[in-house]
Amino acid sequence: MKAVLTLSVFVTLVRCVPPRCEPGNYFQGPCKVPVEEKPKCTDIVLGYCDDMFYTKTIFPNILGHKTRDEAELSTEYLLLSVIHSLLNGECSPDIRMLGCSVLALRCEKGKIIKPCRSSCELVQKSCAHAFEGIDMAWPYFLDCDRFFVSEEEGCYDPLEGLREKQEMAMASVPPEEPLTTIKFTYHSNTQMFNILKKTAAHCAHISRTYSIGKSVEGKDLLVIEFSSNPGEHELLEPEVRYIGNIHGNEAMGRELLIYLAQYLCSEYLLGNSRIQTLINTTRIHILPSMNPDGYELASAEVQSGSDSDYDEVARPRVDFIGRTNAHNIDLNRNFPDLTSIVHNRLRYKQHRTDHIPIPNSYWFGKIAPETYAVMKWIRSIPFVISANLHGGDLVVSYPYDLSKLENNMFSPTPDEQVFKKLARTYADAHAIMSHKDTGRCGGMFADKGGVVNGAEWYSIAGGMSDFSYLHTNCFEITVELGCDKFPAEEDLYTGWQENKEALLSFMEAVHQGIKGIVKDEDGNRIKGATVSVKGIRHDIKTAENGDYWRLLMPGIHILTASAPGYSRAMKRVHLPAHMQKAGRVDFVLKRAPLESDIDTSVDAYERFDPFNQFAQDQIRDPVQTEEERQEKPWWWSYFTRSSYQSPTWLLRSH
């Protein structure tokens, strides 16, 4: 009975409550009109925004997040939480605080105050390159026109107080302290790619990155270029290249080239006149890692070894694992052996040591994709000098690397003196390489000043240096950076200090000898003309624009320029001993009847991969190409795993 009474009272009370008004029914009898609650200012309780100078925010925010919980679970907030790591500390905390000014709007007395557009534009101007460096789009919620307002509309600076702190911190830096920030650590392949791209984006007016191909496992062979006109060969501007990590377990050279790229960019921006002159007069190409697959193996081996006690027996594994590429090919034995061809032709009167075609038989061997990519690269650009960086000793070696008859036999090129000068340029500028102390690393070369003919040291066939000299115009040396192939991380800074001056001096050495343009009588530049030096059986060819560079020792030289269908032109030049730049020697060739005994080896030289065995690897079906275009950056999986959505607004290509 009691239960029935209670239920009856409850029903009566419910009936007494006015019904809820539906849209359009407000005038149909008594009903309860819903009252919308106005948003109120609330405390900022977002952990990554708790250092904003204001303390109150409001929900929903202008991104549509209705509550604090919804904001914390959003991709926008996730991005702010990891932006410091993604950008390697760059533009931090500016980007985070700018984002917080949108996610956690400033609220005072129940009203929102939007951040200033001018503040957003300043941050975007200085930080957009950092997002480009990791292939990420500028975040939509940092759209300066969409979510920020002008001073006339009443706004505030979201970085208020931060700029004053930064100015005070900069004022406390001693004037002599360098502002170049380089982290002297080892870098994974992903970190290397990111740093190179960020560096190029930071110095976009003098730098760019480009890939020359891929490794066995599909990693980019990424080059960073420095020039006053990136991406273009400028008339009479010499081209230089550095290649590191051809053996994956020889890691110092790889890191030095990453540091060098950062150094060139930052010093140029800081107004270093030496670096500015170098970049404005030279086109520089840096390939830090020719063997990224091998490096990954070597790095993993080193890291696994660091977790255990040092083992003398296990140490040789560290010196070997990762040396070859993923197909177990030693890349510095994989180039065409043109040196043997030269040695076999020495008995012939008209033998040549330049632009030797690649034998057809080479293409039926086992050729690494890394080797193939580098060969195409060095054929496509008129490089003048090059250095490839190794580890295992402390010395600079120069061609030939293959002995004529037996191992350890001195085997000079026709340009022995030029090569020795180039090698000494590096060794003498190195902190200790040319020292006379025989007890140090590299001590066996102390009596030679830290340089040695490669074949005299130990003979190898299929090396890159010999191939560069015999197949192209390029003079290439090999630099051994130390006895430890994969030194401890704390030794990287010392390695940089020992090699920095040498790396710069070697690039500057390209500005010696002579340079010029070969034209016809109408002023047309002649591509592929031959420039010869009397007494040196090694010619060079003019580049696409008819320009050439010829490294020579000081003295008097007789030069001859020739081309099919033209008469020869000859000049006598004198190069003083202390010239600071290359001498200019131009030629004008007159048309003449085409000689019948034209050298057909020129045609053979132009045939690269004549059987298209490797070109097939470059042909991909359209579907695969489309999929590759949609390939996501390395950071994409982190955001998709942590969110129920696919934040395509983070993709630059979207």
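Residues numbered from 1 in each chain as written. Predicted model: local features only at pLDDT ≥ 70, side-chain atom pairs only at ≥ 80, totals over all residues. Heavy atoms only, no water.

**Remarks on helix H9 (residues 252–269)**
An α-helical segment advances 3.6 residues per turn. Residues three or four places apart therefore align on the same side. Rules: Only DSSP runs of H or I with at least four residues qualify as helices, and only runs of E with at least two residues qualify as strands; both kinds are numbered from the N terminus onward. Each residue after the first adds 1.5 Å to the expected span of a helix.
With 18 residues, H9 should cover 26 Å at 1.5 Å per step; its first-to-last C-alpha distance of 26 Å lies within 8% of that length. Downstream of H9 by one or two residues, Gly271 has phi in the positive range, about 90°.

**Observations regarding the sheet that holds strand S5 (residues 207–214)**
Let me state the cut-off plainly: By the convention used here, strands pair only if DSSP detects at least 2 bridges between them. Where helices are involved, their axes are fitted lines through C-alpha atoms of the stretch in contact, as for all axes, and angles between N-to-C directions lie from 0 to 180°. Here, two residues are considered to be in contact whenever any of their heavy atoms come within 4.5 Å of each other.
In space, the 8 strands of this open sheet follow the order S5-S6-S8-S7-S9-S12-S10-S11, with mixed pairing throughout. The strands lining the two open edges of the sheet, one partner per strand, are S5 and strand S11 (451–453). Across the sheet, the mean angle separating the axes of adjacent strands is 25° when strand polarity is ignored. Relative to S11, strand S10 (residues 393–398) runs parallel, the two sharing 3 bridges. Each bridged residue has a counterpart across the sheet, and for Ser397 the counterpart in S11 is Val452. Docked against the sheet, helix H8 (residues 189–202) engages S5 and strand S6 (220–226), running at close to 25° with respect to S6. Strands in contact with helix H15 (residues 416–429) are strand S7 (239–244), strand S9 (383–390), S10, S11 and strand S12 (475–482); relative to S12, the strand with the most contacts, it is inclined by about 35°.

**So, the sheet that holds strand S14 (residues 530–533)**
If you trace the 4 strands from one edge of the open sheet to the other, you get S15-S14-S17-S18, paired in antiparallel fashion. Taken across any chain shown, the strands that pair with only one partner, and hence form the sheet edges, are strand S15 (536–541) and strand S18 (569–575). Strand-to-strand twist in this sheet, taken as the mean axis angle between neighbours without regard to direction, amounts to 25°. Across 7 bridges, strand S17 (residues 555–562) lies against S18 in antiparallel orientation. Bridging across to S18, Gly555 finds its partner in Leu575.

**Brief notes about the packing of helix H10 (residues 273–281) against helix H18 (residues 492–508)**
Note the cut-off: Oblique is the label for any angle not covered by the other classes, which are roughly parallel (under 35 degrees), roughly antiparallel (over 145) and roughly perpendicular (65 to 115). Note: crossing handedness is left-handed where the near helix turns anticlockwise from the far helix by less than a right angle, and right-handed where it turns clockwise. Gly is placed with the polar residues, together with every amino acid not listed as nonpolar (Ala, Val, Leu, Ile, Met, Phe, Trp, Tyr, Cys and Pro) or charged (Asp, Glu, Lys and Arg).
Two elements in contact, H10 and H18, have axes separated by 11 Å at closest approach and are oriented at 40°. Considered as vectors, H10 and H18 are oriented oblique to each other. By crossing handedness, the relation of H10 to H18 is classed as left-handed. Touching Arg274, Ile275 and Leu278 of H10 are Glu501, Leu504, Ser505, Met507 and Glu508, all from H18. When the residues that make up the contact of H10 with H18 are grouped by side-chain class, the tally is 4 nonpolar, 1 polar and 3 charged.

**Some thoughts on the packing of helix H5 (residues 117–133) against H8**
Relative to each other, H5 and H8 sit at 150°, their axes nearing to 8 Å. Remark: the crossing between H5 and H8 carries right-handed chirality. Counting all contacts with H5, which are made through His129, Ala130, Glu132 and Gly133, the residues of H8 involved are Asn194, Lys197, Lys198, Ala201 and His202. Along the lines of polarity and charge, the residues of the contact of H5 with H8 split into 2 nonpolar, 4 polar and 3 charged.

**Some details on the pattern of salt bridges**
Definition in use: Every case where a carboxyl oxygen of Asp or Glu lies within 4 Å of a side-chain nitrogen of Lys or Arg is listed as a salt bridge. Categorising residues by exposure relies on relative accessible area from a 1.4 Å probe, with only protein chains included: less than 20% of the type maximum marks a residue as buried, more than 50% marks it as exposed, and the intermediate range marks it as partly exposed.
For the coordinates displayed, the defined rule picks out 28 salt bridges. Measuring nitrogen to oxygen at the nearest pair gives 3.5 Å for the salt bridge that ties Asp69 to Arg68. You can call Asp69 partly exposed: its relative accessible area is 44%. Arg68 sits in the partly exposed class, given a relative accessible area of 31%. Close ionic contact of Lys219 with Asp293 constitutes a salt bridge, the shortest N to O distance being 3.0 Å.

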